[in-house]
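Below, each chain spelled out in residue letters.
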Amino acid sequence: MGDHKWWGNMSHQNGFYEYGLSPFHTKTMKGFFVPGAKNFFRRHSRNAAFILPPAAAAYCVATWAEAKFEYYSRKEYLMSAEAQGQ
């Protein structure tokens with residue numbers, strides 16, 4: 001039991017420097033609410049025409065696919081003529 005330290009055997013390193021900044025000394029949201037939100041909407045509104053239509057189409061396809069999957073998983077479909085191949 002005898003000869004180890006409380007944190008284990010710590011080695012000494014030369015030339016290793018680590019710098020950090022305390023989160024209490026930073027202002028992470030400085031300037032966001034005054035000009036930041038306005039600039040965000042100004043910059044991203046230009047790209048809305050390129051992003052919203054494909055996103056809406058993907059959402060419509062996903063909801064349609066979920067509805068079809070739910071329908072195919074039900075007894076109503078399995079008893080229908082479509083599932084029987086008639």
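Just so it is clear, the model here is predicted, and its values are computed rather than measured.

Each value, and the rule that gives it
- Residues numbered from 1 in each chain as written.
- Predicted model: local features only at pLDDT ≥ 70, side-chain atom pairs only at ≥ 80, totals over all residues.
- Heavy atoms only, no water.
- Helix = DSSP H or I, 4+ residues; strand = E, 2+ residues; numbered from the N terminus.
- Buried < 20%, exposed > 50% of the residue type's maximum accessible area, 1.4 Å probe, protein only.
- Areas by Shrake-Rupley, 256 points an atom, 1.4 Å probe, with all protein chains shown as cover.
- Polar contact = N/O pair within 3.5 Å; in protein donor to acceptor, adjacent residues only side chain to side chain.
- Phe/Tyr/Trp six-rings, centres within 6.5 Å; stacked < 30°, edge-to-face > 60°.
- Patch = residues over 30% accessible without salt bridge, like charges linked within 9 Å, V, L, I, M, F, W, Y side chains within 5 Å.
- Salt bridge = Lys/Arg side-chain N within 4 Å of Asp/Glu carboxyl O.
- Lys, Arg positive; Asp, Glu negative; His and termini not counted.
- Charge placed at Lys NZ, Arg CZ, Asp CG, Glu CD.

### Section: the overall build of the chain
Scanning the chain from terminus to terminus reveals four helices and zero strands. Reading the helices (α) and strands (β) of the chain from amino to carboxyl end gives α-α-α-α. Sorting the 86 residues of the chain into buried and exposed places 3% on the buried side. For the chain, the accessible area works out to roughly 8900 Å², and carbon and sulfur atoms hold 63% of it.

### Considering the side chain of S80
Secondary-structure assignment places S80 in the loop between α3 (75-78) and α4 (81-84). Taking relative accessible area as the criterion, S80 reaches 17% and is therefore assigned buried. Within polar-contact distance, the side chain of S80 engages the backbone oxygen of Y77 at 2.6 Å.

### Re the packing of aromatic side chains
Following the criterion strictly, the structure yields four aromatic pairs and no others. Between Y71 and Y77, the ring centres sit 5.4 Å apart and the planes meet at 65°, which makes this aromatic pair edge-to-face. Connected via pairs of aromatic rings, a cluster forms that spans Y71, Y72 and Y77.

### Side note on a positive patch on the surface
The grouping of K38, R42, R43 and R46 at the surface amounts to a positive patch. Inspection of the secondary structure puts R46 in the loop between α1 (32-45) and α2 (48-72).

That's the geometry; what it means functionally is another story.
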